[in-house]
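A structural walkthrough
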Amino acid sequence: MTDLETRATPGATALRRAAPALLGYAAVRALGLLTLALWSAARDKSAYTLLTARWDALWYTRVAELGYGYEVRLPNGDVHSNLAFFPLLPWLERLLARTTPLSYADAGFAISLVASLAAAWGIFAVADHVHGRRVGVCAVLLWAVLPVGIVQSMAYSESLFTALAAWSLYAVLTGRWVTAGALAALAGLTRPVGLAVVAALWAAAIAAHLRDRQPPGGTTARRALGMLLAPLGAAAYVLWVGHRTGKGPLGYLDVQAGWRNGFDGGLAFARFVADKFTSFPSALAGVGLIVGVGLVVWLYAVCVRQGQPLPLLVYAGVVTTLALCASSYFGSKPRLLLPAFPLLLPLALALARLRRPRSTAVLSVIAVASALYGAFWLNGSGPP
């Protein structure tokens, strides 16, 4: 059996191969949750409430409990409708709450914990397939220690989406087209950025078709079926929203407009950054934003230069573009970039080249800093 075949073997062998990455991931997340609990207790706040009953988590649990149709009309005329939130997470919350003693908030938290581990495993599988086991472990740990990594443990949809996206990409890389399409469809039912998974699958399928003049029997049909399945989840929900609102196929865009959210090529974000330079204290934040965006763009350029597989480049490119070019909720951009894990592969490669004691020390320091920042962030402004 070749090394590649070993990596692709499902079940216990694959789990044993991923075990160091998963155990390391669980340790980092446990550190983050413990730090949040201690920090929140010192401020007389509930860490569990911060994780399960604020911001988007409340919208998801309301959909799970009461269904769609709730909206908030703001004094300025904006309409915040829960139709903006895709249905897979609340569906799972409802299923779990109705079949177990868990509340809807408990269900959302439990789903995020399980999904975050599934996402970590999927990230490992992709990185291991492309660069080997050590890089796979480093990639997972880097994803865990991101400054906004605490979101991975919140009752949000980022972990669920990343899990579906990572495993869909892994299925594409290993030629499992129907599986990839089914997972892409589920990702499309989770977040609007499911478009990135569809684009990655389609790009890989078209490239494979052009490359393989005489593919093995049945490959073309499976590839076509995967392409057909991939957009069904997002398309079904968007069309349903259009029907429900009576505004046709573009009805979902109107729902997002009610939240002042759209795609403007990054102009609004550029103005937001420029406004930071109107006074000295906020200018430091402006510099930080420019450095952050520059780092993301640089990492993507390195991914291209290192020859990452086409589906990873397409996926990361679409996720990054949609995150940076959205016209509202600028404070959400760091968490919107969480699913763009292929951007971490160049850093994982560099980290994997270090001696083990040094790489462990680097990750430990970053993990502590991430845990402290996450606790500070959720007890302050937090992710809108």
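Keep in mind it's a predicted model, so treat the numbers as computed, not measured.

**Things to note about the overall build of the chain**
Summing up its helical and strand segments, the chain has 19 helices and 2 strands in all. The C-alpha atoms of the chain give 21 Å as radius of gyration, which agrees with the globular expectation for 384 residues (21 Å, within 12%). Its C-alpha atoms give the chain principal-axis dimensions of roughly 60 × 55 × 50 Å. Buried positions account for 49% of the 384 residues belonging to the chain. Here the chain has roughly 17,500 Å² of accessible surface; of this, 69% comes from carbon and sulfur atoms. Averaging the locations of the 31 positively and 15 negatively charged side chains of the chain gives two centres separated by 8 Å.

**A short note on helix H16 (residues 310–325)**
For H16, with 16 residues, the first-to-last C-alpha span of 22 Å sits near the 22 Å given by 1.5 Å per residue. Among the 16 residues of H16, 12 are classified as buried, and the element is accordingly described as predominantly covered. Taken as a whole, H16 has its buried residues at Pro311, Leu312, Leu313, Val314, Tyr315, Ala316, Gly317, Val319, Thr320, Ala323, Leu324 and Cys325.

**Some remarks on the nonpolar core**
Grouped together as the largest cluster of nonpolar side chains are 111 residues, with contacts concentrated most on Leu36, Trp143, Tyr237, Tyr315, Phe341 and Leu378. Counting residues per element, this core draws most heavily on helix H8 (residues 158–173), at 11 residues.

**A look at the packing of aromatic side chains**
Applying the stated rule across the entire model yields 20 aromatic pairs. Aromatic pair Tyr68 and Tyr237: ring centres 5.8 Å apart, planes at 45°, arrangement tilted. With Tyr68 in the loop between helix H4 (56–66) and strand E1 (71–73) and Tyr237 in helix H12 (residues 232–245), the pair connects residues that are 169 residues apart, well separated along the chain. An aromatic cluster of at least three residues, connected via ring pairs, comprises Trp59, Tyr60, Tyr70, Phe85 and Trp259. The side chain of Arg62 reaches across the aromatic face of Tyr70, ending 3.8 Å from its centre.

**Quick notes on empty space enclosed by the protein**
Under the counting rule described, the total for this entry stands at 1 cavity of 30 Å³ or more. There is about 30 Å³ of room inside the largest cavity. In terms of lining residues, the largest cavity is bounded by Val28, Arg29, Leu31, Gly32, Ala367, Ser370 and Ala371. Those elements that place two or more of their residues in the lining of the largest cavity are helix H2 (12–42) and helix H19 (356–378).

**A few points about the side chain of Lys333**
Considering the arrangement of structural elements, one finds Lys333 in helix H17 (residues 333–336). A relative accessible area of 3% means that Lys333 is categorised as buried. Setting aside its immediate chain neighbours within four residues, Lys333 contacts Phe269, Ala323, Leu324, Cys325, Ala326 and Ser328.

**Points about the confidence of the model for the chain**
Across the chain, the average pLDDT comes to 92, with 97% of residues at or above 70. For the stretch residues 1–9, pLDDT sits under 50, and the model shows 13 contacts to residues farther than four places along the chain or on other chains.

**Structural notes on the environment of Gly258**
Summarising the element assignment, Gly258 is placed in helix H13 (residues 251–258). A relative accessible area of 13% places Gly258 in the buried class. A sequence separation of 10 residues divides Gly258 from Ala268, and the C-alpha atoms of the two residues are 16 Å apart. Residues in contact with Gly258, not counting those within four places in the same chain, are Asp78, Val79 and His80.

**As for the pattern of salt bridges**
Tallying each qualifying case throughout the model produces 6 salt bridges. Asp128 is paired through a salt bridge with Arg17; the nearest N and O atoms lie 2.7 Å apart. Here the residue Asp128 occupies a position in helix H6 (residues 104–131), and Arg17 occupies one in helix H2, the gap between them amounting to 111 residues. For the pair shown, Asp128 and Arg17 are each scored as buried. Its salt-bridge partner being Arg260, residue Asp78 comes within 2.7 Å of it at the nearest N-O pair.

**Examining the packing of H6 against H8**
At a minimum axis distance of 7 Å, the contact between H6 and H8 shows a crossing angle of 30°. By the angle between their axes, H6 is roughly parallel relative to H8. In this structure, H6 meets H8 at a crossing whose hand is left-handed. Two secondary-structure elements touch here, H6 through Ser112, Ala115, Ser116, Ala118, Ala119, Trp121, Gly122, Ile123, Ala125, Val126, His129 and Val130 and H8 through Ser159, Leu160, Thr162, Ala163, Ala166, Trp167, Leu169, Tyr170 and Leu173. Grouping the amino acids of the contact of H6 with H8 by side-chain chemistry returns 15 nonpolar, 6 polar and no charged.

Reading guide: rules and limits
- Residues numbered from 1 in each chain as written.
- Predicted model: local features only at pLDDT ≥ 70, side-chain atom pairs only at ≥ 80, totals over all residues.
- Heavy atoms only, no water.
- Helix = DSSP H or I, 4+ residues; strand = E, 2+ residues; numbered from the N terminus.
- Rg over C-alpha atoms; globule rule 2.2 N^0.38 Å.
- Buried < 20%, exposed > 50% of the residue type's maximum accessible area, 1.4 Å probe, protein only.
- Areas by Shrake-Rupley, 256 points an atom, 1.4 Å probe, with all protein chains shown as cover.
- Lys, Arg positive; Asp, Glu negative; His and termini not counted.
- Charge placed at Lys NZ, Arg CZ, Asp CG, Glu CD.
- Expected span 1.5 Å × (residues − 1).
- Core = buried A, V, L, I, M, F, W, Y, C linked by side-chain atoms within 4.5 Å.
- Phe/Tyr/Trp six-rings, centres within 6.5 Å; stacked < 30°, edge-to-face > 60°.
- Lys NZ or Arg CZ within 6 Å of the ring centre and 35° of its normal.
- 1 Å grid on protein atoms, 1.4 Å probe; cavity = no way out; pocket = protein on both sides within 12 Å on 5 of 7 lines; lining within 4 Å.
- Points joined across faces, edges and corners; volume = space filled by probe spheres on them.
- Contact = heavy atoms within 4.5 Å.
- pLDDT = per-residue confidence, 0-100.
- Salt bridge = Lys/Arg side-chain N within 4 Å of Asp/Glu carboxyl O.
- Axes fitted to C-alpha atoms, helices over the stretch in contact; angles between N-to-C directions.
- Parallel < 35°, antiparallel > 145°, perpendicular 65-115°, else oblique.
- Left-handed = near helix turned anticlockwise from the far one by under 90°.
- Nonpolar A, V, L, I, M, F, W, Y, C, P; charged D, E, K, R; others polar.

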